[in-house]
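Here are the chains, one letter per residue:
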Amino acid sequence: MINVIGLGYIGLPTALMMASHGVEVVGTDYNEKLVETLNAGKTTFKEKGLYKLFNEAVKLGIKFTTEYQKTDVYIISVPTPYDKFSKKVDPCYVVEAVKDVIRVCPKGAIIVIESTISPGTIDKFIRPVLERKGFKVGEDINLVHAPERIIPGNMVYELLHNNRTIGADDKKVGEKVKTYYASFCQGEIVVTDIRTAEMTKVVENTFRAVNIAFANELCRICRHDNMDVYEIIKICNMHPRVNILQPGPGVGGHCISVDPWFLVGDYPSLAKVIDESMKTNDSQPDFVLQRIHDIMKEKGIKDIKRVGLYGLTYKENVDDCRESPTLQLLESQERHLAEPLKVYDPFIKNDIVKNQYHSLDKFLSDVDFIVIMVKHNEIKDNMDKLLGKVVLDCHNIINIPSVYHL
Ligand code: SAJ
């Protein structure tokens, strides 16, 4: 049996995937309400294919509880909050989960950590806790790091198809854990050491952050001399060894906008390109604000109350707002004591910011200038409703004559 600890964005799909492939799984979360919701037959967030997977797993006997189980293998997928000011990960939830596991686990159990951690976290924070409690790592307890790699919006598909990394002190333990993941994972599973696994996870997200920063920087260069960045990227990408990403209003989510800072924090005099890239991405919402200001001037729009942001989530067709460019932009506006812009997002049903709308039509009737912050399918399907409005399209998806770009 596997006890999955933490039933959030990663833990829940992982637990469901294993259960639906015949592994006996118990999911544990300290949040009673979340466990009640799952036990009432409902999923806790929206994700393509998740509900179907949930029903299959329930049929095959997955259990949800607040209690830790006595078993041989634990998968920890609790959040790793990040401190915006120190730019460091706070491993407190992982440490607490490990302490809870060792209260109940039998000798020789395996603890697999899936949560994203900064390189060196296991050596610095987890091993000392185990040793202080009198546990001999490798005998009384085994440690493994199997960082998740799935992308919100396509999690179920990627769980099945992505290659995976398993880092373990002992190769045999790594191979044993591999058999559990191989129950569902059709990709290649590489077994390596813990330090390498920790590093690969952060390096993968850093690679993407640096490449997005390059696209954002190109966008600013092209804006400066009125060149078409999208046409330039399209043509460059026809070269067999060039693959430039897309500029956007900024980088959100709990991964790409966060993980690369761990390397900057640990290697400040070495991680120069990464540092500059992160600063470029973090200042992209301010670049959008500047574009809004310039376009208002050009079009003679004086009233900021007639300007609205479409989209609050960190990317398209998900309901996750963590570190979203829209929230970053609103924060920046607040620092300048400006009246917050109107906002609408079809995926966000609760009020999380001021001046938030819950109907596209009402939102559109209250604004003359719309900034497309997120390329949800909804707005692509309702493009005709933007005719006659001023539109700043931060994703190059709106095909109407009066559109502005970044
Ligand atoms: N973005 C751009 N331009 C692009 C691509 C993305 O501006 O060309 C922006 C998005 O709009 C979004 C942000 O970047 O705001 C991040 O989105 P994403 O779709 O690139 O990635 P995430 O954060 O949803 O998921 C990433 C993935 N990592 C990589 O692709 C290397 C995923 O595989 C990881 O599992 C996930 O981080 C994680 O949990 O670490």
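Residues numbered from 1 in each chain as written. Predicted model: local features only at pLDDT ≥ 70, side-chain atom pairs only at ≥ 80, totals over all residues. Heavy atoms only, no water.

This part takes up the site of the ligand. Neighbouring the ligand are 19 residues, the closest being Glu148, Arg149, Lys201, Arg208 and Tyr314. With respect to the ligand, the side chain of Arg208 contributes an N or O atom lying 2.6 Å from an oxygen atom. Within the side chain of Lys315, one N or O atom sits 2.9 Å away from an oxygen atom of the ligand. Residues lining the shell around the ligand come from more than one domain, with at least three contributed by each of domain 1 (2-192) and domain 2 (202-282). (Near = heavy atom within 4 Å. Polar contact = N/O pair within 3.5 Å; in protein donor to acceptor, adjacent residues only side chain to side chain. Domains from an automatic or database assignment.)

What follows covers the domain arrangement of the protein. Here the protein is described as being made up of domain 1 (2-192), domain 2 (202-282) and domain 3 (284-405). Taken together, the contact pairs eight residues of domain 1 with eight residues of domain 3. For the pair domain 1 and domain 3, the summed buried surface comes to about 680 Å²; carbon and sulfur atoms form 46% of the total. For the domain 1 face of the interface with domain 3, the top three residues by lost area are Tyr9, Lys46 and Pro152, together amounting to 67%. Scanning the region where domain 1 abuts domain 3 turns up zero salt bridges. One can count two residue pairs in polar contact (both at pLDDT 80 or more) joining domain 1 with domain 3. Looking at side-chain class alone, the side of domain 1 that touches domain 3 contains five nonpolar, one polar and two charged residues. (Contact = heavy atoms within 4.5 Å. Buried area = accessible area lost by both parts, 1.4 Å probe. Salt bridge = Lys/Arg side-chain N within 4 Å of Asp/Glu carboxyl O. Nonpolar A, V, L, I, M, F, W, Y, C, P; charged D, E, K, R; others polar.)

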